[in-house]
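For reference, the chains in residue letters:
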Amino acid sequence: MNHYIQCLGRTIVSDLSSKAYLYIEHSTADPLYPSKRLIEAELACDPRKLKNDCISHGYIFNNSSDNTPDYWKKASLKLNSATDSNILLSYRPGFVDRNYLDLGGKVIGQEKGQYGPLLHPSVSFLSVSNDQQGSLKEWQKHVADYAHNSPLLMLSICLPFTGIICSLTSIENGGFHIYGRSSLGKSIMTYVAASVLGHYSNNEKWNVTETGMEELSERNNDSLLILDDAQTIADTAKQRASRLQKAIYVFANGKGKVKAKRYQERTAEWRAFMLSNGEKSLQQYALEGGSEKLNGEKVRVIDIPAEISKQYGILESLPDKFQSTSEFVQHLESNCKRYFGIPKYHFLDSLIEDLNNGKANVVDFIAKRIAYFKKKINVDLNNGIEVRIADKFALVYAAGCLAIEYDVLPFGRKDILNGVIKCYRYSQGIPEHERRYKDILNNLKQQDYVDLLKNSGKYTEKDVKSFDVVRCKVNNQLVLAVSKKCLQQVCGDSDIKGFLKYLANQTVLLTQRDSSGTLKYTRQIRYKVKGAKVSKAIERRYFMLLEVK
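Just so you know, these numbers come straight off a predicted model, no measurement behind them.

S.K.: If you had to explain the overall build of the chain to someone new, which residues and values would you point to?
M.R.: Check the secondary structure of the chain and you find 18 helices and 22 strands. For the chain, the C-alpha radius of gyration of 31 Å lies well beyond 24 Å, the compact-globule estimate for 549 residues. Projected onto its principal axes, the C-alpha positions of the chain cover 110 × 55 × 45 Å. Expressed as a percentage of its 549 residues, the buried residues of the chain come to 51%. Accessible surface, the chain: about 26700 Å² in total, of which carbon and sulfur atoms supply 45%. Distance between charge centres in the chain, computed from 77 positive and 61 negative side chains, equals 9 Å.

S.K.: Pulling in residues and values, what's your account of the nonpolar core?
M.R.: Residues Leu-153, Ile-165, Phe-176, Phe-347, Leu-351, Phe-393 and Leu-409 are the most contacted members of the largest nonpolar core, which totals 88 residues. At 14 residues, the largest contribution of residues to this core is made by helix H13 (residues 384–405). Residues in contact with Ile-165, not counting those within four places in the same chain, are Phe-347, Leu-351, Ile-366, Leu-395, Ala-398, Ala-399 and Leu-402. Leu-225, Leu-227, Ile-248 and Leu-282 belong to the second-largest nonpolar core, a separate cluster that totals 21 residues.

S.K.: Could you give me a rundown of the pairing of strand S10 (residues 174–179), with the residues and numbers involved?
M.R.: With 6 of 6 residues buried, S10 lies mostly within the body of the structure. On S10, burial covers both faces: Gly-174, Phe-176 and Ile-178 on one face and Gly-175, His-177 and Tyr-179 on the other are all buried. Bridge count between S10 and strand S13 (residues 273–278): 6 bridges; the pairing is parallel. Bridging from a neighbouring strand, Phe-176 pairs with Leu-275 of S13. Relative to strand S14 (residues 301–305), S10 is paired through 5 bridges, and the arrangement is parallel. Bridged to His-177 within S14 is Asp-303.

S.K.: Kindly report on the side chain of Gln-140, identifying the contributing residues and their values.
M.R.: By the element assignment, Gln-140 lies in helix H4 (residues 136–142). Using a relative accessible area of 9% as the deciding quantity, one classes Gln-140 as buried. Once residues within four sequence positions are removed from consideration, Gln-140 is found in contact with Asp-145, Asp-407, Val-408, Leu-409 and Pro-410.

S.K.: Which residues make up the sheet that holds strand S11 (residues 204–205), and what are the values?
M.R.: Sheet architecture is open: 5 strands sit in the order S11-S12-S13-S10-S14, paired in parallel fashion. In this open sheet, the two strands that pair with only one neighbour each are S11 and S14. Against the sheet, helix H6 (residues 186–197) contacts S10, strand S12 (224–228) and S13, and its axis sits at roughly 155° relative to S13.

S.K.: With reference to specific residues and values, describe the side chain of Arg-37.
M.R.: Mapped onto the elements, Arg-37 comes out in strand S3 (residues 35–40). Separated by 2.7 Å, the side chains of Arg-37 and Asp-53 make a polar contact.

S.K.: Outline the environment of Gly-163, supporting the account with residue identities and numerical values.
M.R.: Along the polypeptide, Gly-163 turns up in helix H5 (residues 151–165). Its relative accessible area of 0% is what places Gly-163 among the buried residues. Each C-alpha atom of the pair Gly-163 and Asn-173 lies 8.7 Å from the other, and the pair is 10 residues apart in sequence. With near-sequence residues (within four places) excluded, Gly-163 lies in contact with Asp-222, Ser-223, Arg-271 and Phe-273.

S.K.: Explain the packing of aromatic side chains residue by residue, including any values.
M.R.: Given two aromatic rings, one states the distance between the centres and the angle between the planes to describe the pair. On inspection of all chains with the given rule, the structure shows 20 aromatic pairs. The interplanar angle of 80° and the centroid separation of 5.3 Å between the aromatic rings of Tyr-59 and Phe-61 together place this pair among those described as edge-to-face. A relative accessible area of 3% means that Tyr-59 is categorised as buried. Here Phe-61 falls in the buried class, since its relative accessible area comes to 14%. In textbook terms, an aromatic cluster arises when at least three aromatic residues are bridged by ring pairs, as seen for Tyr-59, Phe-61, Tyr-71 and Trp-72. Its guanidinium or amino end placed over the ring of Tyr-345, Lys-106 lies 4.0 Å from that ring's centre, counting from NZ or CZ. The aromatic ring of Phe-365 is capped on one face by Arg-369, whose charged end is 4.8 Å from the ring centroid.

S.K.: Got a sec to walk through the environment of Asn-173? Specific residues and values, please.
M.R.: One can find Asn-173 in the loop between H5 and S10. Note on Asn-173: relative accessible area 2%, which makes it buried. Residues contacting Asn-173, with those up to four places away along its chain left out, are Phe-251, Ala-252, Gly-254, Trp-270, Arg-271, Ala-272, Arg-300 and Lys-392. At 3.5 Å, the side chain of Asn-173 forms a polar contact with the backbone oxygen of Trp-270.

S.K.: Break down helix H7 (residues 210–219) for me, citing the residues and quoting the values.
M.R.: The set of residues buried in H7 consists of Met-213, Glu-214, Leu-216, Ser-217, Glu-218 and Arg-219. Looking at the packing, one finds that the buried side of H7 touches S11, S12, helix H8 (237–253) and S13.

S.K.: Just give me the short version of the state of the cysteines, but keep the residues and values in it.
M.R.: Applying the stated rule across the entire model yields 0 disulfides. Free cysteine Cys-45: the closest other cysteine sulfur is in Cys-7, separated by 11 Å. Left unpaired, Cys-491 is separated from the closest cysteine sulfur, that of Cys-486, by 9.1 Å. Of the residues examined, Cys-491 reaches a relative accessible area of 5% and is grouped as buried.

Conventions used here
Residues numbered from 1 in each chain as written. Predicted model: local features only at pLDDT ≥ 70, side-chain atom pairs only at ≥ 80, totals over all residues. Heavy atoms only, no water. Helix = DSSP H or I, 4+ residues; strand = E, 2+ residues; numbered from the N terminus. Rg over C-alpha atoms; globule rule 2.2 N^0.38 Å. Buried < 20%, exposed > 50% of the residue type's maximum accessible area, 1.4 Å probe, protein only. Areas by Shrake-Rupley, 256 points an atom, 1.4 Å probe, with all protein chains shown as cover. Lys, Arg positive; Asp, Glu negative; His and termini not counted. Charge placed at Lys NZ, Arg CZ, Asp CG, Glu CD. Core = buried A, V, L, I, M, F, W, Y, C linked by side-chain atoms within 4.5 Å. Contact = heavy atoms within 4.5 Å. Pairing = 2+ DSSP bridges. Axes fitted to C-alpha atoms, helices over the stretch in contact; angles between N-to-C directions. Polar contact = N/O pair within 3.5 Å; in protein donor to acceptor, adjacent residues only side chain to side chain. Phe/Tyr/Trp six-rings, centres within 6.5 Å; stacked < 30°, edge-to-face > 60°. Lys NZ or Arg CZ within 6 Å of the ring centre and 35° of its normal. Disulfide = S-S within 2.5 Å.

Here's what the structure looks like:
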């Protein structure tokens, strides 16, 4: 094959992009793999710079005698000649005009003989694997079918489609955080969700900065951001709570911070959904860090417990031929590594075709499914918080129904409805850490105590200090004063600070601020010791307002 250089199209100059680019193609040593890339239009006007650039990208002459200044002048004139082929540039993947631009550069909906849209040259996302493996039928049989055994797997399979269609609604960015102890199978949810979109290696860890969160969010525009292990975002509880709060706010906001032009010419933007996991709920991370998860945060990324079955973890029932949840999870994880990437493109092919034929029909289909779901769960439409939470589950249901319409998911609408409603109910139940804290509270109620009120002047100061739990009064309130040693024994492996924060929020624990305004979880026991005429401060204890019989 003869060597060649040709212009495939010219980019459109806009307010956001003052530079013009050419999309060129030129031959390389391998005739089956020519180089296609964007170059600045100014570069093509300088024959010497054009030569150096092309050769550095693999351009090879059949005959070295052709490599002359005259040849490159002609190549420059050829590239700068008029063309009717205009190419759109985008700063992010996702929907662009009437197409969907994949992060790897693939365009879904592109007409034959056309080029673009393309990612802007200034955009530098981390590399991503867009490989596909297996057929749709194989993925349905070996991955999707197992969602019949778990509402949580049903949710995770529908979530990638949710991220794709969320921009067709007014529902805010958001998602779900699956939490629980290890060995429940929560990590398999991220593998299953990833199998819809591509290779599981595209999943991210939570150890990101605020700026990093902007980049990850924009990188997953019109898609699903999958984040694993919330614990890794910081080393200390306080930092963890703060960074998780900021990262989730950034993601839900859909727009990055406005920065000075000398640092960044544009502001990042995105529409997407999120799937996250961790051993603790976002609410618990907030409590342990000394803060409280506000209602605005609760509706953005919603906590769902992973343990829906004491026996099987994330599974309602164990599929036939498996002896344990662990064995099943290993099998499904292996399948997710063998069959992946196909469902996304089948879904997008049909969606793009439908949007081009009549966008209003697609939007109407989604809106009806959302309304139907909210009606089924009897959401209070006058309660803003309740509606915003329900909207996210409703959109998952709508996305799943659309995937059924496109023959991507092998379920009936009722299957998805039942699964997503169960996940909604799980999210609205008592969180796992609260149940654990209530158990600790009940155990404290059952501890033997010494009644200082009925035995004034009977005990020495040493006696009082030796009692793990005493009954007394403070500010005319009846309390149990619990020693640190006793609290540690009853709490066991549970987080004591989180437990105390929970009790304080429930107004069960009496707190006090010192002269500097610092909140203290302990207060002084006052008691008239043996032989004394007045009461005196003995030591600091945890004062709990408990009804003790």
